[in-house]
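# Observations on chain architecture
Each chain, letter by letter, is given below.
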Amino acid sequence: MSNKFILSVMGETEIETFEVDISKKREAIAVPSLPEDHINLLGAMLDNFAEKDLTETQQAEMAYIAESFVLSKLNNEIHGYVLLLVLREKWPVGQKAKFKVTADRVSANHTYISHICAPQIIEPSPDETQLKKAEDNALIAELAFLKKNKKRFANSSAVQSFLRQKG
C-alpha cells in the first residue's frame, strides 16, 4: 500500500478531490459523534456547498469524513485514485418519518448512500485530464452495481442521469 492516494468525493452536483497522506492522518474538527451520521453530513455538505467556495474548515471536515470512511473500508486495497460516491437515498412511501429523523440529526434534507468505487491506478501528481479519466473509469467499473441498485437512489440523483447515458 502506498502512503498517498487521491480521493474524490462525488455528490449530486459537486466533486471534491483531496490528496490523502496515510502517515499524516487528519484530525476531526466538528463532525457528529455517531459514525452513521458521517455520510449524511458529507452528502449534505456536498449539496449545500455546491454553489459556494468552501472554507478551509469545511474542506477539512469533508476530507476527514471521506478519508476516515475510505480507510476503514479499504484497508490495504488502496491504489492511486479512489472515488467515493455519496448519493441521495430514495425514501420509501410510508417510511419517510424514519428517514427524516436520520437526516435531521445532521441538518440534512436527505439521507445518503455511500459507495466506494474500485480504486484506479493513476500517475503521481496527475493533471486534470488524468483525474477525469480515472473518475470515468471508476464509474464505468461500477456500472453493474449502479444499475442493480438504481431503485435505492433518489429519482433526482445524479446516478440516474448517468445510467440513462450509459444504459
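Scroll up to find the structure this text is about.
A quick note: this is a predicted structure, and the numbers were derived from the prediction, not measured. (Residues numbered from 1 in each chain as written. Predicted model: local features only at pLDDT ≥ 70, side-chain atom pairs only at ≥ 80, totals over all residues. Heavy atoms only, no water.)

### Topic: the sheet that holds strand β2 (residues 15–21)
Taken together, the 4 strands give an open sheet; going across it, the order is β2-β1-β3-β4, and neighbouring strands pair in mixed fashion. Either end of the sheet is taken by a strand with one partner, and the two such strands are β2 and β4 (112–116). Going across the sheet, the axis of each strand differs from the next one's by a mean of 20°, ignoring polarity. Where strand β1 (residues 4–10) meets strand β3 (residues 81–88), 5 bridges bridge the pair, whose relative direction is parallel. Residue pairing across strands places V9 opposite L84, the latter belonging to β3. (Pairing = 2+ DSSP bridges. Helix = DSSP H or I, 4+ residues; strand = E, 2+ residues; numbered from the N terminus. Axes fitted to C-alpha atoms, helices over the stretch in contact; angles between N-to-C directions.)

### Observations concerning a positive patch on the surface
Positive charge collects at one region of the surface, where K90, K147, K150 and K151 lie side by side. Relative to the assigned elements, K147 resides in helix α5 (residues 143–148). (Patch = residues over 30% accessible without salt bridge, like charges linked within 9 Å, V, L, I, M, F, W, Y side chains within 5 Å. Areas by Shrake-Rupley, 256 points an atom, 1.4 Å probe, with all protein chains shown as cover. Salt bridge = Lys/Arg side-chain N within 4 Å of Asp/Glu carboxyl O. Lys, Arg positive; Asp, Glu negative; His and termini not counted. Charge placed at Lys NZ, Arg CZ, Asp CG, Glu CD.)

### A look at the layout of surface pockets
A volume near 200 Å³ is recorded for the largest pocket. Lining the largest pocket are P35, E36, H38, I39, I65, S68, F69, S72, Y112, I113, S114 and R152. Breaking the lining of the largest pocket down by element, the ones donating at least two residues are α1 (35–48), α2 (56–74) and β4. For the lining of the largest pocket, the residue count by class is 6 nonpolar, 4 polar and 2 charged. (1 Å grid on protein atoms, 1.4 Å probe; cavity = no way out; pocket = protein on both sides within 12 Å on 5 of 7 lines; lining within 4 Å. Points joined across faces, edges and corners; volume = space filled by probe spheres on them. Nonpolar A, V, L, I, M, F, W, Y, C, P; charged D, E, K, R; others polar.)

### Focus: the packing of α1 against α2
Helix-helix packing is characterised by the crossing angle of the two axes and by the distance between the axes. At a minimum axis distance of 10 Å, the contact between α1 and α2 shows a crossing angle of 140°. Here α1 is positioned oblique relative to α2, judged by the angle of their axes. Considering the relative orientation of α1 and α2, their crossing is left-handed. Between α1 and α2, the residues in contact are H38, I39, L41, L42, M45 and L46 and Q58, E61, M62, I65, A66 and F69, respectively. Partitioned by chemical class, the residues of the contact of α1 with α2 number 9 nonpolar, 2 polar and 1 charged. (Parallel < 35°, antiparallel > 145°, perpendicular 65-115°, else oblique. Left-handed = near helix turned anticlockwise from the far one by under 90°. Contact = heavy atoms within 4.5 Å.)

### Description of unusual backbone geometry
At S107, a residue that is not glycine, the phi angle is positive and equals roughly 55°. Within the element layout of this structure, S107 appears in the loop between α3 (96–104) and β4.

### Quick look at the pairing of β4
In terms of residue burial, β4 counts as a mostly covered element, since 4 of its 5 residues are buried. Bridging between β3 and β4 involves 5 bridges; their strand directions are antiparallel. By the bridge assignment for β4, L87 is matched with I113. (Buried < 20%, exposed > 50% of the residue type's maximum accessible area, 1.4 Å probe, protein only.)

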